[in-house]
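# Observations on the model geometry
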Amino acid sequence: MSIMLFILLQLFALVSCSPRRCDPGIRGLCKPTVEEKPKCTDVSLSYCDDMPYTQTMFPNILGHKTREDAEAGAEYLLMSVVESLLGGECNPEIRMLGCSVLTPRCERQKVLRPCWTTCEAVRKRCSHAFDAIDMAWPYFLDCDRFFVSDEEECYDPLEGLKAEQNEEAADSMENPPPEDLATTIQFSYHTNAQMITTLKKVEERCSDIATTYSIGRSIEGRELLVIAFSVNPGEHELLEPELKYIGNVHGNEVLGRQMLIYLAQYLCSEYLLGNERIQKLINTTRIHILPSMNPDGYEVAVAGVQDNTGNDDEEGPRYDSSNIGRNNAQNVDLNRNFPDLTTIVYSRRKRKGARTDHIPIPDYYWFGKVAPETYAVMKWIRSIPFVLSANFHGGDMVVSYPYDLSKHPLERNMFSPTPDDQIFKFLAKTYANAHESMHLESAKCGSSASNSQRGIINGAQWSSIAGSMQDFNYLHTNCFEVTVELGCDKFPPEEELFIAWHDNHDALITYMETAHRGIKGIVQDEEGNGIKGVRISVRGIRHDVTTAENGEYWRLLTPGIHIVSATAPGYAKAMKKVHLPPRMYKAGRVDFLLVKAVPDPEMQVQDDSIMSIDSYDRFDPYNQYERYTLMADVSQNQELREEKPWWWNYFVQPGGPAPTWLLKHY
């Protein structure tokens, strides 16, 4: 009993000695808990240690409570690798802008927010770099959300960087670099991201004469980016001829793609250096360059090359020249995917008054498999009054000209000329002769070698195909296009790129200059208004061109004497005799004035035998393309959801939330 009493006394003593519990009902028993206010602390994130301040505060602007929280986030991970991701572009501006949000400036125990004007300037200059790798502009660099105006006591997070740049600029004035990086040609293959970045840099460097624009996207969402050159590159100017170059129609034929990237850089740098030939060309012409029509195929081709270049012999890796990546992501050959208008022409060639120009696209075409790349190029071709064009391939060394489809009943290879055979031969010879070796017998290679003559060949005589791009250009629009095969190696080693540029660069320029051959002019009514849709005919050539929106036209012709006429419903026919000397390198100006007249019944009968203008203007009338793509989206929806950009796995952390804010199309 005494033992139990002793234990109870000991327990009572312990309880009585312990601190009394807080009871809000007893005054003075409870003391209020005081939370410690955040204080300025040293900037300790290693990728932010060069900011123009040394103190920061947590929680930061994004809500990270500690330095450890900030370091563990995908935002800081992005800042640590952004230089590599963007290929050094916009570095260190992007990183420092991000650091101004992750480790904001702290003064007098107060967080200062970075300036909206600084953020917006960086976003405008650098957003294309993220577009190039298919990454969204980072949410924490949202200028309206995390940055403030000058009136709200903001600070410039790039202040120290700008001071360094000003010093470097002053030094560069004393010792200027020989050439700007944007226009320095690096003779190596460009990824799709690098290609877009290069074109954007050229646009920035030569903003007065260059602009980039998109004509659409590939089946996998890659941008079909065009760069245009002119004194007013963003819009058409009266009587200025428009021309285009298209490369990489087949994804594994890559030399044309590289030549066109180099050409864009060359045009910019030479214009700035005062090259009179280049300045004259750009001042009088609008040049459009689409380096890659098939960027998806190129990605597959590059992967195939890397898989097949594992040897380490003395000659170095050899590149695979098979058909890996030739077609687009739908396995469509883009140079067989255009409307087959040549067959329509052949079926009507014995009909009186049958035309070989402005053939409407038959409605049944839209019920087939139309690739988005083909669709985009067709809309592009129809939207601009192109005069001249060339598309670039590999696997042979020759310039091919229309028709591509043989007139043989069984479509066997057979010489099948257009009504403009003379001008097409002239265009093909222009490129081949200006090329370093294409016109030489010793340069012949590939399947065209047995039939080509001094580097040129009729497409149908070489290899008859239906649905080609050059036939579509000629039969549907005013544009004359040839196909340039740049060499028998479709994917040559990088060390051969410089030689290829040396062989082709003068031919690329010389061919563009032929856009100024022949005649051009304006067709007006008696009141001086331009007339659209007037047919410009040349006696002896059964192929007309039509006037554009303002009544202007261009007609490529060989030297000689030509009888040219202008006809339009409701107007009297006008006719002129034109003499083009052999050494005339500027288009002759031939204007027409059309007078109102009573319609000619005979002409009306002839017009009725031809499809109407309304039929020509019908483009995808049943919206089959949109329906087709919607069906494709539904069938591939799961696959598309699973597909992520090449950099995605780097940012996905086990157990953590997926940084979907990095995805452009999420």
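This text gives an overview of the structure that appears in the document. What you see is a predicted model, and the numbers here were worked out from it, not measured in a lab.

### So, the overall build of the protein
Broken down by element type, the protein carries 22 helices and 20 strands. For the protein, the residues scored as buried account for 51% of the 666 residues in total. Restricting the contact set of the protein to residue pairs at least 6 apart, pairs at least 24 apart contribute 75%.

### Here we look at the nonpolar core
Of all hydrophobic cores here, the largest spans 149 residues; its most connected members are Ile94, Phe229, Leu263, Leu267, Val377 and Tyr431. For this core, the element with the highest residue contribution is helix α9 (residues 255-272), accounting for eleven residues. When we break this core down by domain, the ones giving at least three residues each are domain 1 (40-166) and domain 2 (192-305 + 322-516). Not counting residues up to four positions away in its chain, the partners in contact with Val377 are Ile215, Ile246, Leu290, Met293, Phe338 and Met469. Grouped together as the second largest cluster of nonpolar side chains are 20 residues, Ile541, Tyr553, Ala566 and Val590 included.

### Here we look at the sheet that holds strand β8 (residues 286-290)
Spatially, β5-β6-β8-β7-β9-β12-β10-β11 is the arrangement adopted by the eight strands of the open sheet, whose pairing is mixed. The sheet is open, and its two edges are formed by β5 (210-217) and β11 (456-458), each paired on a single side. Mean inter-strand twist for the sheet, computed between neighbouring axes without regard to direction, equals 25 degrees. Here five bridges tie strand β7 (residues 242-246) to strand β9 (residues 386-393), and the two strands are oriented parallel to one another.

### Structural notes on empty space enclosed by the protein
Here the structure, examined in full by the defined rule, presents three cavities of 30 Å³ or more. Estimated volume of the largest cavity: approximately 60 Å³. Around the largest cavity, the lining residues are Arg517, Gly518, Leu557, Thr558, Pro559, Leu580, Pro581, Met584 and Lys586. A breakdown of the residues in the lining of the largest cavity according to their chemical character gives five nonpolar, two polar and two charged.

### As for the packing of helix α4 (residues 93-102) against helix α5 (residues 116-132)
Relative orientation of the contacting elements α4 and α5 amounts to 130 degrees, with a least axis distance of 10 Å. What the angle tells us is that α4 and α5 run oblique. Note on packing geometry: the crossing formed by α4 with α5 is left-handed. Each of Glu93, Ile94 and Leu97 in α4 lies in contact with α5, whose residues at this interface are Thr118, Cys119, Val122, Arg125, Cys126 and Phe130. Of the residues belonging to the contact of α4 with α5, the class tally is six nonpolar, one polar and two charged.

### Topic: α9
For α9, which comprises 18 residues, the first-to-last C-alpha distance of 26 Å matches the rise-based estimate of 26 Å (1.5 Å per residue) to within 8%. Across the 18 residues of α9, 17 count as buried, placing the element largely inside the fold. Trailing α9 by a residue or two, Gly274 shows a phi angle of about 90 degrees, which is positive.

### What to know about the packing of aromatic side chains
Enumeration according to the criterion identifies 30 aromatic pairs in this entry. Pairing Tyr189 with Phe491 gives two aromatic rings, centres 4.9 Å apart and planes at 65 degrees, and the pair type is edge-to-face. In this pair, Tyr189 sits in the loop between α7 (159-174) and α8 (192-205) while Phe491 sits in the loop between β12 (480-487) and α17 (497-513), placing the two residues 302 residues apart along the sequence. Of the two residues, Tyr189 and Phe491, neither departs from the other in class, the shared state being buried. Each residue in the set Phe187, Tyr262, Tyr266, Phe498 and Trp501 is aromatic and connected to the rest through ring pairs, giving one cluster. For Lys576, the ring lying beneath its charged end belongs to Phe592, and the centroid distance is 5.3 Å.

The rules we used
Residues numbered from 1 in each chain as written. Predicted model: local features only at pLDDT ≥ 70, side-chain atom pairs only at ≥ 80, totals over all residues. Heavy atoms only, no water. Helix = DSSP H or I, 4+ residues; strand = E, 2+ residues; numbered from the N terminus. Buried < 20%, exposed > 50% of the residue type's maximum accessible area, 1.4 Å probe, protein only. Contact = heavy atoms within 4.5 Å. Core = buried A, V, L, I, M, F, W, Y, C linked by side-chain atoms within 4.5 Å. Domains from an automatic or database assignment. Pairing = 2+ DSSP bridges. Axes fitted to C-alpha atoms, helices over the stretch in contact; angles between N-to-C directions. 1 Å grid on protein atoms, 1.4 Å probe; cavity = no way out; pocket = protein on both sides within 12 Å on 5 of 7 lines; lining within 4 Å. Points joined across faces, edges and corners; volume = space filled by probe spheres on them. Nonpolar A, V, L, I, M, F, W, Y, C, P; charged D, E, K, R; others polar. Parallel < 35°, antiparallel > 145°, perpendicular 65-115°, else oblique. Left-handed = near helix turned anticlockwise from the far one by under 90°. Expected span 1.5 Å × (residues − 1). Phe/Tyr/Trp six-rings, centres within 6.5 Å; stacked < 30°, edge-to-face > 60°. Lys NZ or Arg CZ within 6 Å of the ring centre and 35° of its normal.

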